[in-house]
There are 2 protein chains.
Amino acid sequence: MSAVDTKVRILDAAELLFAERGFSDTSLRQITSRAEVNLASVNYHFGSKKELIRAVLSRYLEQFMPQLDTALVVVLEDPRQPVMEQVFEAFVGPLLALNRFRKNGTTLFLQLLGRGYTDVQGHLRWFLTTRYGVVIEHITQAVCRAYPQLPPPELFWRLHFTLGTAVFALASNRALREIAENDFGQHLDIEGVIRQVIPYIAAGVAAPLTTSKG
Amino acid sequence: MSAVDTKVRILDAAELLFAERGFSDTSLRQITSRAEVNLASVNYHFGSKKELIRAVLSRYLEQFMPQLDTALVVVLEDPRQPVMEQVFEAFVGPLLALNRFRKNGTTLFLQLLGRGYTDVQGHLRWFLTTRYGVVIEHITQAVCRAYPQLPPPELFWRLHFTLGTAVFALASNRALREIAENDFGQHLDIEGVIRQVIPYIAAGVAAPLTTSKG
DNA sequence: CACCTCTTCAAACGACCGTTTGAATCGTAT
DNA sequence: ATACGATTCAAACGGTCGTTTGAAGAGGTG
């Protein structure tokens, strides 16, 4: 088995287990067992568990972030004012592209985002602030174009609420889709859930300002 | 030290650590060390770590859920049709009441909710389905009164998005409040954040239906 | 006082963790 | 064929984990 094969097998097994059980509830022995590689190969190829976590996150972020940024720039360079839904439609293509990059890639990515977000070590925060700050900036600008009257503090809070909505809701979509199918006979794939969440998010961010201060 | 004292000291220390670091990243030795009790007392008083986790969650849920249900019943028994914001205003009182029950109780509760929600073991799901199903039902009914045209599947998804928004956003509010204070000079307490999130949630749940199916 | 129950305590248990080690093996260029 | 760096492997390391144990302490009752 070639060295690159081993690295990929570890990453593939690790991302499944990390997404499902979290970083610290997944042991290197579980990973190497599922990947069918030797235990020591993780430390040989990645140095430590911490760096493996970063490699798993990085593989997705490097795929997703440039595509998202491109889609956002398209919105920003259009001279017409966008409506809020258009801004969040920019996320759909890059998110779904992850499914061609890897089976269930979209869901896995969002689950990993959720894990990285609530993680104590702050792996995700490190990536977003040091490497992809410009993308965050473009998101802010695009929302600002769609809703210029929104004051910066409200914009800040609502974008954060949106991150929570998206990650939390879409990360656990598999179990929910089963419930929805049983209770309503509604068969939805991940794209269907994304299509459901966009009106919610857009309406939330575009909500009217409360004039009173209580 | 009386036995009840020891139990309370363990619960108090455990909930802080659980909220901050998660359930499995918190060891019984960390808990008993902070609580200044003997290590074995956790197993003596609670049986196991798993049951301690449930006890921590239960202490909050038993305080919160009846109050929430009462507030929801008030909305439901009012013959006038509520607007969506009124439905979610029903959450404010019970949430803030936790601050009188315990220091930073509101934030701690929401952080614990987030931990319990993403946890593999499904501690939270167990409580919500077996013990507080009627409250979930009342939430659904109240939203239904405010927006009768909303079809059940959309209602289902939007309520789930809302849970994600609330838990995810409010659970990590401390760090965000500091950022908001530095960047915008905006000093917000937890009630302020709740006041910010309600228009977002209400607008999201009340979002117009997309007529097209793609 | 002795007795009994509840509680605390230090110590240890076996299991699992991430990591390291040093030898074995592989692939390839000389 | 031989030599050599890259990779794999089984085994072990020290450490932490949740839990258990059996003795010691506390506090009320006869």
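What this report covers is the structure whose coordinates are included nearby. Source: prediction; values computed, not measured. (Residues numbered from 1 in each chain as written. Chains lettered and ligands numbered in written order. Predicted model: local features only at pLDDT ≥ 70, side-chain atom pairs only at ≥ 80, totals over all residues. Heavy atoms only, no water.)

### Here we look at the relation of the copies chain B and chain A
The two copies are related by a screw operation: chain B maps onto chain A through 180 degrees of rotation and 0.0 Å of translation along the axis, at an RMSD of 0.1 Å. Here the copies are linked by what is in effect a two-fold axis. In this assembly the copies share their binding face: 100% of the residues contributing to the interface of chain B also contribute to that of chain A. (Least-squares fit on C-alpha atoms with pLDDT ≥ 70 in both. Contact = heavy atoms within 4.5 Å.)

### Brief notes about unusual backbone geometry
Residues and elements named next belong to chain A. Of note in the backbone geometry, glutamate 36 takes a positive phi value of approximately 55 degrees without being a glycine. You can see glutamate 36 is positioned in the loop between helix 2 (28-35) and helix 3 (40-46). Although it is not a glycine, asparagine 104 adopts a positive phi angle of roughly 60 degrees. Look at asparagine 104 and you get partly exposed, because its relative accessible area is 48%. (Helix = DSSP H or I, 4+ residues; strand = E, 2+ residues; numbered from the N terminus. Buried < 20%, exposed > 50% of the residue type's maximum accessible area, 1.4 Å probe, protein only.)

### Some points on the nonpolar core
Leu52 and Phe88 of chain A together with Leu52 and Phe88 of chain B are the most contacted members of the largest nonpolar core, which has 148 residues in total. Tallying contributions element by element places helix 4 (residues 49-77) of chain A first for this core, with 13 residues. With residues up to four places along the chain from it excluded, the contact list for leucine 52 of chain B reads Ile10, Leu11, Ala14, Phe18, Leu28, Ile31, Val42 and Phe46 of chain B. (Core = buried A, V, L, I, M, F, W, Y, C linked by side-chain atoms within 4.5 Å.)

### Some words on the packing of helix 6 (residues 92-101) of chain B against helix 12 (residues 190-205) of chain B
Describing two packed helices takes the angle between their axes plus the distance from one axis to the other. Residues and elements named next belong to chain B. Remark: helix 6 packs on helix 12, axes separated minimally by 11 Å, with the N-to-C direction vectors making an angle of 160 degrees. On the basis of their axis angle, the class for helix 6 and helix 12 is roughly antiparallel. The two elements helix 6 and helix 12 cross, and the hand of that crossing is right-handed. Contact with helix 6, carried on its side by Val92, Leu95, Leu96 and Asn99, involves Ile190, Glu191, Ile194, Arg195 and Ile198 of helix 12 and no other residues of that element. Of the residues contributing to the contact of helix 6 with helix 12, the split by class is six nonpolar, one polar and two charged. (Axes fitted to C-alpha atoms, helices over the stretch in contact; angles between N-to-C directions. Parallel < 35°, antiparallel > 145°, perpendicular 65-115°, else oblique. Left-handed = near helix turned anticlockwise from the far one by under 90°. Nonpolar A, V, L, I, M, F, W, Y, C, P; charged D, E, K, R; others polar.)

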